[in-house]
Amino acid sequence: MTRPARHIWRLLKWGRIAARHGALRGIESDPNTPAPVKRLVRIARLGTRQPATPDYAGAFRAIGPAAIKLGQSLATRPDLVGDEAAQNLLSLQDNLPPVPFESLRPVIESTFVQPLDQLFREIDPNPVGAASIAQVHRAITSDGRQVAVKMLRPGIREQFARDIATYEWAAAHVEAMGGEAARLRPALTIANFKRWTNTELDLRREAAAASELADAMKGFAGYRIPAVDWDRTNGRVLTIEWIDGIKMSDRAALVAAGHDLNLLAERLVIAFLSQAITEGYFHADMHQGNLFVEPDGTIAAIDFGIMGRIDRRARQWLAEILYGLTTGNYRRVAEIHFEAQYVPSHHSVGEFATALRAVGEPMRGKPVSELSVGQMLDGLFAITRDFDMQTQPHLLLLQKTMVMVEGIATQLNPQINMWDVSAPFVRSWIRDELGPEAAIANRLREDFDTLQRIPGLIRRLEEKYPPKGGAPEPAPLPEIELVWDRKERPSGPGWLGQAALLLAGAGIMAGLFGFGVIG
């Protein structure tokens, strides 16, 4: 277990880096920042030369790979970090200088316990992409197939483990301060961040995610997932079918190739909705670099390290919320928030519906070029504070992905109306899943499942409460605290502990830990 002093040292180091990039400036003036943190931030920036304009992206890059991943997630959270910081973080690209292939070769060969020459006829030593966690090389297998080989950077798992342990430690302390920080649930946010990064750091899980999504989208025409080469995949290496296509970011090349950009934009939106609402399992890193258009117009997705999952009840709520906003039924949208317990019951449904109307009405009937789903979601986040709505991490990941999809669709077709494209799909899904026939089918299935569980329930009851008889029951024993179970009473935090809380809430952590203050 890492000692508190080690966490404090890391936080101090990261905070000084953030201060040199001007990334702590907004904390001092934000009313939600606790007074002790404000005072300690002033200490952290003493003696630093700060740029006139804060460079949040530069601060995250300088801190390291885990911070880069964190910064990218905060780029879609202006409610936490502020509009200025969110806009700056959009420029944060996950690319680093590549590791020389010859230093990777022995590590990879040790994972397969055989020379690479037996697995691959050829591997291009120059990577086609190098990110904070892994880099990708083009290769030809021993049986002549073209593939992409993704390889973890040496030591990256250990580095992420160290940094995330400090995130967890700091988040727990900041959440204990209560108030706005507790409402935004930093500890749960870090737990989800850890889960996502652990998936990215185990390439077998990424391969499994690609395989699961491929099965889910098998019936969706015009969108596909490349096949995994399981014989050449393990925890540190992922081998997947090579995609020959044009990146969705290259609009000019798509036009030159004769692709229908309007059709591509609509197909991408419906593919995302199909994943999120129909399947409850979606590709949560759908930026332009991870989407290609093949010669026949098929959209091919890559990079499945970050995936989102939503259970059936939450998908029903999501569909009804989207449909209610598109049709102006704000009362129903408000009721769903209360049914889902997103908003505490002591608030008024009617008042919440009115607040939703203020967000939704400016959106209806206008193209993305004027107003967007992303802006609407930002508006929703803005009103949650007034209604004590706690942060829902699974919805944040969905929101992040929706903003990505909207950005790509807008680049392809600036006049696209996300409501018009989404509404028919959502309406059809609601009819199929929430209509009378679906309600009857669901009730029959639930009742049958209940009947099946009754025998097992009876057996467990008999095991817990066996028939009396035979030897008498022993007398209840007193509860006695064991010496080695006795714990010391926690003492109040000293100056050093407060210093840790400083940088937990400062700079690079501010958006994550819930003050909404670095912009």
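Reference entry: report on the structure contained in this document. Keep in mind the model is a prediction, meaning the values are calculated, not measured.

## Quick look at the packing of aromatic side chains
- Evaluation of the coordinates by the stated rule reveals 5 aromatic pairs.
- Plain terms: the ring middles of F352 and F387 are 4.9 Å apart, the flat faces sit at 70° to each other, and that makes the pair edge-to-face. Of the two residues, F352 sits in helix α17 (residues 349-360) while F387 sits in the loop between α18 (373-384) and α19 (393-412), which places them 35 residues apart along the sequence. Like F387, F352 is buried.
- The structure contains a cluster of three or more aromatic residues connected by ring pairs, namely F338, F352 and F387.
- Positioned over the ring face of F120 is R232, at 6.0 Å from the centre of the ring.

## Structural notes on α17
- Look at α17: 16 Å from first C-alpha to last across 12 residues, which is about the 16 Å you get at 1.5 Å a residue.
- Among all positions of α17, only F352, A353, A355, L356, V359 and G360 are buried. Relative to the axis of α17, the buried residues are bounded by an arc of 160° and lie together on one face. Along α17, exposed side chains directed more than 90 degrees from the buried face belong to E351, T354 and A358.
- Capping the start of α17, S348 holds a side-chain oxygen 3.2 Å from the backbone nitrogen of G350, two or three residues further along.

## Let's talk about the packing of helix α16 (residues 330-339) against α17
- The N-to-C vectors of α16 and α17 enclose an angle of 120°; their axes lie 8 Å apart at closest approach. Overall, the two elements α16 and α17 adopt an arrangement that is oblique. You can see that α16 and α17 cross each other, and the crossing is right-handed. On the side of α16, the interface is formed by Y330, R331, V333, A334, E335, H337 and F338, while α17 contributes V349, G350, F352, A353, L356, R357 and G360.
- Counted by class, the contact of α16 with α17 contains 8 nonpolar, 3 polar and 3 charged residues.

Reading the values: the criteria
Residues numbered from 1 in each chain as written. Predicted model: local features only at pLDDT ≥ 70, side-chain atom pairs only at ≥ 80, totals over all residues. Heavy atoms only, no water. Phe/Tyr/Trp six-rings, centres within 6.5 Å; stacked < 30°, edge-to-face > 60°. Helix = DSSP H or I, 4+ residues; strand = E, 2+ residues; numbered from the N terminus. Buried < 20%, exposed > 50% of the residue type's maximum accessible area, 1.4 Å probe, protein only. Lys NZ or Arg CZ within 6 Å of the ring centre and 35° of its normal. Expected span 1.5 Å × (residues − 1). Arc of directions from axis to C-beta. Polar contact = N/O pair within 3.5 Å; in protein donor to acceptor, adjacent residues only side chain to side chain. Axes fitted to C-alpha atoms, helices over the stretch in contact; angles between N-to-C directions. Parallel < 35°, antiparallel > 145°, perpendicular 65-115°, else oblique. Left-handed = near helix turned anticlockwise from the far one by under 90°. Contact = heavy atoms within 4.5 Å. Nonpolar A, V, L, I, M, F, W, Y, C, P; charged D, E, K, R; others polar.

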